[in-house]
Amino acid sequence: MDETLPSSADAAAIEAVAARDLANALRALSMDAVERAKSGHPGMPMGMADVATVLFRDFLKFDPSHPEWPDRDRFVLSAGHGSMLLYALLHLTGYADFPLEELKRFRQWGSKCAGHPEFGHGAGVETTTGPLGQGIATAVGMAIAERILAARFGDALVNHRTYVIASDGDLMEGISHEAISLAGHLGLSKLIVLFDDNGISIDGPVSLSETGDQLARFEAAGWSVSRVDGHDQEAIKAALSDALDAVRPSLIACRTVIGYGAPTKQGTEKTHGSPLGAEEVAAARVALNWPHAAFEVPAPIRGAWAAIGAKGKAEYDAWTQRRGEAPETVRKTFDHAINGDLRPTLIPALAAFRMAQGDNQPAVATRKASEMVLEIINANIEEMVGGSADLTGSNNTRTKGMAALEAGDFSGRFIHYGVREHGMAAAMNGMALHGGVIPYSGTFLVFSDYCRPSIRLAALMGIRVIHVLTHDSIGLGEDGPTHQPVEHLAALRAIPNLHVLRPCDVVETAECWELALNRKNGPSVLALTRQNLPLLRTDRAPANRSAKGAYILRAAGAGKAKVTLIGTGSEVAIAVAARSLLEAEGIPANVVSMPCMELFLALSEAEQDAIIDPATVCVAVEAAIALGWDRIIGRRGAFVGMKGFGASAPYQDLYHQFGITAEAVAMAAKQRLSLSA
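The structure reproduced in this document is the subject of the present report. All values reported here derive from a predicted model rather than from experimental measurement.

## Looking at the environment of Ile 258
Here comes step 1: One can find Ile 258 in the loop between strand S7 (250–255) and helix H12 (278–287).
Here comes step 2: Look at Ile 258 and you get buried, because its relative accessible area is 3%.
Here comes step 3: Once residues lying within four places of it in the same chain are set aside, the contact partners of Ile 258 are Gly 43, Met 44, Asn 198, Ile 200, Gln 266, Gly 267, Thr 268, Thr 271 and His 272.

## Considering the side chain of Thr 443
Here comes step 1: Inspection of the secondary structure assignment puts Thr 443 in strand S11 (residues 438–444).
Here comes step 2: For Thr 443, the contacting residues outside a window of four places in its chain are Ala 389, Leu 391, Asn 395, Glu 421, Met 424, Cys 451, Val 468, Leu 469 and Thr 470.

## What to know about the packing of aromatic side chains
Note on aromatic pairs: each is described by the distance of the centres and the angle between the planes.
Here comes step 1: By the definition in use, this model includes 16 aromatic pairs.
Here comes step 2: Ring geometry for Tyr 87 versus Phe 106: centroids 6.2 Å apart, planes at 65 degrees, classification edge-to-face. Of this pair, Tyr 87 sits in helix H5 (residues 83–93) while Phe 106 is found in the loop between helix H6 (100–104) and helix H7 (134–153), placing the two residues 19 residues apart along the sequence.
Here comes step 3: On the accessibility criterion, Tyr 87 (0% relative accessible area) is buried.

## Things to note about the packing of helix H2 (residues 19–37) against helix H13 (residues 299–310)
Here comes step 1: Contact geometry for H2 and H13: axes closest at 10 Å, N-to-C directions at 95 degrees. Judged by the inter-axis angle, H2 sits roughly perpendicular to H13. Two secondary-structure elements touch here, H2 through Asp 21, Leu 22, Ala 25 and Leu 26 and H13 through Ile 301, Ala 304, Trp 305 and Ile 308.
Here comes step 2: In terms of residue class, the contact of H2 with H13 is made up of seven nonpolar, no polar and one charged.

## Notes on helix H9 (residues 174–186)
Here comes step 1: Along its 13 residues, H9 runs 19 Å from first to last C-alpha, staying within 8% of the 18 Å computed at 1.5 Å per residue.
Here comes step 2: Of the residues making up H9, those classed as buried are Ile 175, Ser 176, Ala 179, Ile 180, Leu 182, Ala 183, Gly 184 and Leu 186.
Here comes step 3: Count one or two residues on from H9 and you reach Gly 187, which has phi positive near 60 degrees.

## A short note on the sheet that holds S7
Strand pairing in a sheet takes place through backbone hydrogen bonds and is either antiparallel or parallel in direction.
Here comes step 1: Strand order in the open sheet made by the five strands is S1-S2-S3-S7-S6, with parallel pairing throughout. Two strands lie at the open edges of the sheet, namely strand S1 (74–77) and strand S6 (224–229), each paired on one side alone. Pairs of neighbouring strands in the sheet enclose a mean axial angle of 15 degrees, with direction left out of account.
Here comes step 2: H5 rests against S1 and strand S2 (162–166) of the sheet, and its axis sits at about 145 degrees to S1.
Here comes step 3: Across the sheet, H7 lies against S1, S2 and strand S3 (191–197), angled at about 175 degrees from S2, the strand it touches most.

## Points about the nonpolar core
Here comes step 1: Counting 62 residues, the largest nonpolar core has Phe 75 and Trp 305 as its most contacted members.
Here comes step 2: At nine residues, the largest contribution of residues to this core is made by H2.
Here comes step 3: Excluding residues within four positions of it along the chain, Phe 75 makes contact with Leu 55, Phe 56, Leu 60, Leu 86, Leu 89, Glu 126, Tyr 163 and Ile 165.
Here comes step 4: Residues Val 76, Ala 139, Trp 319 and Phe 410 belong to the second largest nonpolar core, which totals 57 residues.

## Concerning the packing of helix H17 (residues 366–380) against helix H22 (residues 506–518)
Here comes step 1: Running from N to C, H17 and H22 cross one another at 55 degrees; their axes reach a closest spacing of 9 Å. On the basis of their axis angle, the class for H17 and H22 is oblique. When you trace H17 past H22, the crossing you get is right-handed. Seen from H17, the contacting residues are Thr 366, Ala 369, Ser 370, Met 372, Val 373, Leu 374 and Ile 377; seen from H22, they are Val 506, Thr 509, Ala 510, Trp 513 and Leu 517.
Here comes step 2: The residue inventory of the contact of H17 with H22, partitioned by class, reads nine nonpolar, three polar and no charged.

## As for the pattern of salt bridges
Here comes step 1: As enumerated under the stated definition, the model contains 33 salt bridges in all.
Here comes step 2: With a shortest N-O distance of 3.6 Å, Lys 104 and Glu 101 are connected by a salt bridge. Of this pair, Lys 104 and Glu 101 both sit in helix H6, three residues apart, which is roughly one turn of that helix.
Here comes step 3: Its relative accessible area of 23% is what places Lys 104 among the partly exposed residues.
Here comes step 4: Here Arg 502 ties to Glu 571 by a salt bridge, and the two come within 2.7 Å at their closest N and O atoms. Taken together, the residues Arg 502 in the loop between strand S13 (499–501) and H22 and Glu 571 in the loop between strand S17 (563–567) and helix H23 (572–584) connect sequence positions 69 residues apart. Here Arg 502 matches Glu 571 in class, with each residue buried.
Here comes step 5: Here the residues in one salt-bridge network are Arg 354, Glu 511, Glu 514, Arg 537, Asp 539 and Arg 545, joined through shared partners.

## Side note on the environment of Thr 482
Here comes step 1: In this structure, Thr 482 sits in the loop between strand S12 (466–470) and helix H21 (488–493).
Here comes step 2: Along the backbone, Thr 482 and Met 594 are 112 residues apart, and their C-alpha atoms lie at a distance of 27 Å.
Here comes step 3: A polar side-chain atom of Thr 482 sits 2.9 Å from a polar atom in the side chain of His 483.

## Overview of the environment of Ser 250
Here comes step 1: With respect to the helices and strands, the residue Ser 250 is situated in strand S7.
Here comes step 2: If we ignore the near neighbours within four places in the chain, the residues touching Ser 250 are Leu 191, Ile 192, Val 193, Trp 223, Ser 224 and Ala 243.

## A short note on H23
One full turn of an α-helix is made of 3.6 residues, so residues set three or four places apart face in the same direction.
Here comes step 1: If you check H23, its first and last C-alpha atoms are 19 Å apart, about what 13 residues at 1.5 Å a residue would give, namely 18 Å.
Here comes step 2: Those residues of H23 that fall on the buried side of the exposure criterion are Val 572, Ile 574, Ala 575, Val 576, Ala 578, Arg 579 and Leu 582.
Here comes step 3: Check the buried side of H23 and you find it contacts strand S16 (551–554), S17, strand S18 (589–593), strand S19 (617–621), helix H27 (651–657) and helix H28 (662–676).
Here comes step 4: One or two residues past the end of H23 sits Gly 586, with phi positive at roughly 80 degrees.

## Some thoughts on the sheet that holds S18
Here comes step 1: The strand order S16-S18-S17-S19-S20 describes an open sheet built from five strands, whose pairing is mixed. If you trace the sheet from one side to the other, it starts and ends with S16 and strand S20 (638–640), each paired once. Shown here is a sheet whose adjacent strand axes are inclined to one another by a mean of 30 degrees, direction ignored.
Here comes step 2: Alignment of S19 against S20, held across three bridges, turns out to be parallel. Across the sheet, residue Ala 620 finds its bridge partner in S20, namely Phe 639.
Here comes step 3: In this fold H23 packs onto S16, S17, S18 and S19, with an angle of close to 175 degrees to the strand it touches most, S18.
Here comes step 4: Running at roughly 155 degrees to S19, H28 makes contact with S17, S19 and S20 of the sheet.

About the criteria used
- Residues numbered from 1 in each chain as written.
- Predicted model: local features only at pLDDT ≥ 70, side-chain atom pairs only at ≥ 80, totals over all residues.
- Heavy atoms only, no water.
- Helix = DSSP H or I, 4+ residues; strand = E, 2+ residues; numbered from the N terminus.
- Buried < 20%, exposed > 50% of the residue type's maximum accessible area, 1.4 Å probe, protein only.
- Contact = heavy atoms within 4.5 Å.
- Phe/Tyr/Trp six-rings, centres within 6.5 Å; stacked < 30°, edge-to-face > 60°.
- Axes fitted to C-alpha atoms, helices over the stretch in contact; angles between N-to-C directions.
- Parallel < 35°, antiparallel > 145°, perpendicular 65-115°, else oblique.
- Nonpolar A, V, L, I, M, F, W, Y, C, P; charged D, E, K, R; others polar.
- Expected span 1.5 Å × (residues − 1).
- Pairing = 2+ DSSP bridges.
- Core = buried A, V, L, I, M, F, W, Y, C linked by side-chain atoms within 4.5 Å.
- Left-handed = near helix turned anticlockwise from the far one by under 90°.
- Salt bridge = Lys/Arg side-chain N within 4 Å of Asp/Glu carboxyl O.
- Polar contact = N/O pair within 3.5 Å; in protein donor to acceptor, adjacent residues only side chain to side chain.

Right, here's the structure in full:
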């Protein structure tokens, strides 16, 4: 057992206050903040206050004065609707970002105490939660990252746990099945989930929609399980102590009363998603023997909570000493990994790779080009951790010599996620949030629908996660419309702060990987082809021409361009062929490759006009729907692409049947020219 031990002074301050009063401070702050905001969820914080008290007082390793301490325990409030529980804990234990005034501004404009916990609003919030199931699945990624770093740097530098408070709703969501299955398979023994088993959902009793046995489900997935009275602090402590010694991930089902202490509403859905009301809050104060004004916490209780927050300082100091005593190379490598910096050897290596591509190089699919680039990246960046949702040979995400993670051996750098796209995407978020690794993984672009909620959260949090999404159009051919994405590029481009990168050849693929890796403040998608594509970039320029999102790949051959042809990915070659047709008829045309629409649209108007001359007729070609392209081509422009779903046939036939051809692009340009004449 390795529960945290406070100093004698801290212990005295804590022991001088009844455990019930520590928990009631959390209850009172939670119901007061929700009441003032006239909005929120008081029931879960009031029900889980005893559990949270035991966790923070007796087990959680943390130091509010050093909130970014790499070896701190991670605490994830997966039941994000109960956010006031987290804010109350952070406030009372001394996190500087959560003074009392912030709690009083709960759910108000500019407050760090948002309706649901949001990563980046304040130190101590480890991840954004609210969409149920995301927190527990993200925590699995945090636990994976901890094991990977421990295998690399040793327990002296990396030895911590990941704790989760999860709700009934978290465990109903489908992503929870994927997450707990993966965690059990990998034997993540340092992952401990505290299940708020209160039997109440927004609609009423959980029994309205759920009769399954959660403990049996977790046990079948390879977890250690137990059940306790969630208001018996000694029982909670004993269960957590047992979990510390488990060789498997642990689920502790804590039977609680939602809204504990609210005399007429506790145990009902009336405490779930709305304030208690002034009358019920007053009655709860009486029932809890809490005769203090709103937001008032008596000095002895506040002091005890401050002592709980201070007890981790000694552990932080001991860790700092161990880090200082580590060999210099280990210390520098560890710091480099935690900071997430790229090694200076990478960019020159990628530039050399691009410049080495020859004129007579055979056509290659961009998924294969990605593998070629990853060979260089993974050789230069040890922090890269790849994976695939059971499509390794199709996504080409596993490079030579990459060993796979398995239970008991986390020295590898590749994860077999199985057919768990949603759980995979959330786990990658957790790995990125934890730090020390750079996660990337693959599936088919069409299955980004399964990943979308986690991709959206990565964009919202502004974290570096890289999704390798192959088989990116009807170009995958015979598998047909179930596997052919047509709306997915537009859907992904609609997510703010997500970069969708669709390279046209091996050179652009290297450039897009460089852009994704250099982007620390948001996720990236690489949309890659199944079919082979010709090498179009033969300029051997050392600079990354994709960095602006678009550039002139082929300038008009003679005279000022009248037409600008814009393509992405596999359709850039079609635009190049269409240019030849137009030039043969005396129509000068530029070809613009646009590997990243988001980067292009971030340019100034003058920079955009230097790439796409507004005086020219614009024709865009992409084997996808037109949604979003109006921002580029305007009302005078034309779009050649998909108008509906694909079909099952060889890809060459599909491009012909759906009219995505050089002839169609050239014709569209001539028609627009005639209209503007």
